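# Secondary and tertiary structure notes
So the chains spell out like this:
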Amino acid sequence: MKITAISPFILHMPVTGSQIADSTHTLSHWGVVGAKIDTDAGVSGYGFTGTHAHLPSDQLITRCIETCHAPLLLGEDPRDVQRLWLKLARDPALQWVGRAGITTLSHAALDVALWDIKAKAAGMPLWQLLGGAVRERLRAYNTDIGWLSLSDDQLLAGAVSAVEDGFTGIKIKVGSSVERDLRRLAAVRRAIGPDVTLAIDGNGKWDLPTCLRFCRAAAEHDVFWFEEPLWYDDVKGHAFLARSQAIPLALGEQLYTAEAFAEFFQQGALHWAQPDVTRMAGLTEVWRVCEMAQGWRLPVAPHAGDMSQVHVHLAYAHPACAVLEYIPWIRDGFTEPAEVVDGHFRRPGQPGAGTTPTPQAWERYRRPTN
Ligand code: MG
């Protein structure tokens, strides 16, 4: 089997409501930026990274796919995923200009498309190709009810309705002011009762003294984890925070490499690893992080950067994955949507990685790639 064509694409798909915000980002659309890879066997694969639907930077990614990475893949056997991962990651000219950032996001899209082809060619859902399912059910937690842009009333109503829908875990955003966030956290805990896991996410906004002050008061509300309390790359700060208070720390959605995760593990700076196949160089690199977490006896909760399409396969197949984030923005744009029933992700049944867009999504959300 040989790769015959690589076609980049950009889809901008709307978020729930007209706009959402966390402590550092405000967005109206999610960017699904990636490539379709065609082969001489008639099998095509789709892979994508996730963005904030900012067309100029999305077009940097599609340009990288088209002009830098595609020439390295044309004519290759797409099923040689590990060898092709090395070919893209170790290309001397490309690693000189970017061992992280645009080149990695481009690589992420292509690596996932290769896995999609490999699984489709084998006639298996990706989780089966990765070694088979290690669990009967995969617990979902809902983030889409917890944005900072929601009023207190909207937040409470959303939290209660998520629990009524069967979710046993939710996550709310923090990082506005300590007083407002503590008030909202206490109110949500009261509303959902003691049996639902309640995580919080700061999106890297606060400094260490603010986090220490917040954590002292937040601990009484049984916080499942505090995600990205500090700036993404601050290993020392997270290590200090992990030692200084009782709430477990989660992070990783902004880390590009397995080496970056290694440093956090080594320094005892995280309790939950949150790698993302759309941020790192695809599933191939994320699998390494899951293996690392397993070695440290720490759990993985993949980030929903791809809105769970690929991560649901990963989390069914890797023993370190304990729970998976649910954000439904783009799910209906795919031929096999990531579906939650009774608080658990349904195990995918179609061959591939779940990344094939529907013709309607293709028609409706496409933007120009240059
Ligand atoms: Mg997050």
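Please refer to the structure higher up on the page.
How each quantity is defined
Residues numbered from 1 in each chain as written. Predicted model: local features only at pLDDT ≥ 70, side-chain atom pairs only at ≥ 80, totals over all residues. Heavy atoms only, no water. Salt bridge = Lys/Arg side-chain N within 4 Å of Asp/Glu carboxyl O. Buried < 20%, exposed > 50% of the residue type's maximum accessible area, 1.4 Å probe, protein only. Helix = DSSP H or I, 4+ residues; strand = E, 2+ residues; numbered from the N terminus. Donors = N, O, S within 2.8 Å, 3.2 Å for Na, K, Ca; no water. Core = buried A, V, L, I, M, F, W, Y, C linked by side-chain atoms within 4.5 Å. Domains from an automatic or database assignment. Contact = heavy atoms within 4.5 Å. Pairing = 2+ DSSP bridges. 1 Å grid on protein atoms, 1.4 Å probe; cavity = no way out; pocket = protein on both sides within 12 Å on 5 of 7 lines; lining within 4 Å. Points joined across faces, edges and corners; volume = space filled by probe spheres on them. Nonpolar A, V, L, I, M, F, W, Y, C, P; charged D, E, K, R; others polar.

Another point: the pattern of salt bridges. Summed over all chains, the structure comprises 19 salt bridges. A salt bridge links R83 to D80, with the nearest nitrogen and oxygen atoms 3.2 Å apart. You can call R83 partly exposed: its relative accessible area is 41%. In this structure, R184 and D152 form a salt bridge, with 2.8 Å as the shortest nitrogen-oxygen distance. With R184 in helix α7 (residues 178-192) and D152 in helix α6 (residues 152-164), the pair connects residues that are 32 residues apart, well separated along the chain. Given the relative accessible area of 3%, R184 is considered buried. Via salt bridges that share partners, K171, K173, D201, E227 and E325 belong to a single interconnected network.

For the rest of this paragraph, the subject is the coordination of the magnesium ion. Around the magnesium ion, the donor atoms from the protein are D201 (OD), E227 (OE) and E253 (OE), and they sit 2.0 to 2.2 Å away. Within one chain, the residues serving as donors to the magnesium ion are arranged as D-x25-E-x25-E. Taken together, the residues E227 in strand β9 (residues 223-227) and E253 in the loop between β10 (249-251) and α10 (258-266) connect sequence positions 26 residues apart. The burial state of E227 is the same as that of E253; both residues are buried.

This paragraph deals with the nonpolar core. A general trend in soluble globular proteins is that nonpolar side chains are found buried together. Grouped together as the largest cluster of nonpolar side chains are 91 residues, with contacts concentrated most on I6, F214 and F226. With nine residues, the top contributor of residues to this core is helix α4 (residues 102-122). Formed jointly, this core draws a minimum of three residues from each of two domains, domain 1 (3-123 + 359-367) and domain 2 (128-345). Setting aside its immediate chain neighbours within four residues, F226 contacts V174, I200, G202, W206, C211, F214, C215, I247, P248, L249 and A250. Of all hydrophobic cores here, the second largest spans 19 residues; its members include F9, V32, F48 and Y365.

Bridge count for strand β1 (residues 3-14) against strand β4 (residues 29-39) is eleven bridges, and the pairing is antiparallel. The residue bridging P8 from the neighbouring strand is A35, located in β4. Inspection of the sheet shows β1 paired to strand β15 (residues 366-367) by two bridges, in the antiparallel sense. Its bridge partner being in β15, L11 is matched across the sheet by R366.

This part takes up empty space enclosed by the protein. Counting across every chain of the model gives two cavities of 30 Å³ or more. Estimates place the volume of the largest cavity at around 80 Å³. Looking at the largest cavity, the residues that line it are Q309, V312, H313, E336, P337, A338, E339, F345, R346, R347, P348 and G354. Of the residues in the lining of the largest cavity, the class split is five nonpolar, three polar and four charged. Each pocket or cavity is described by its volume, and for the second largest cavity that value is around 40 Å³.

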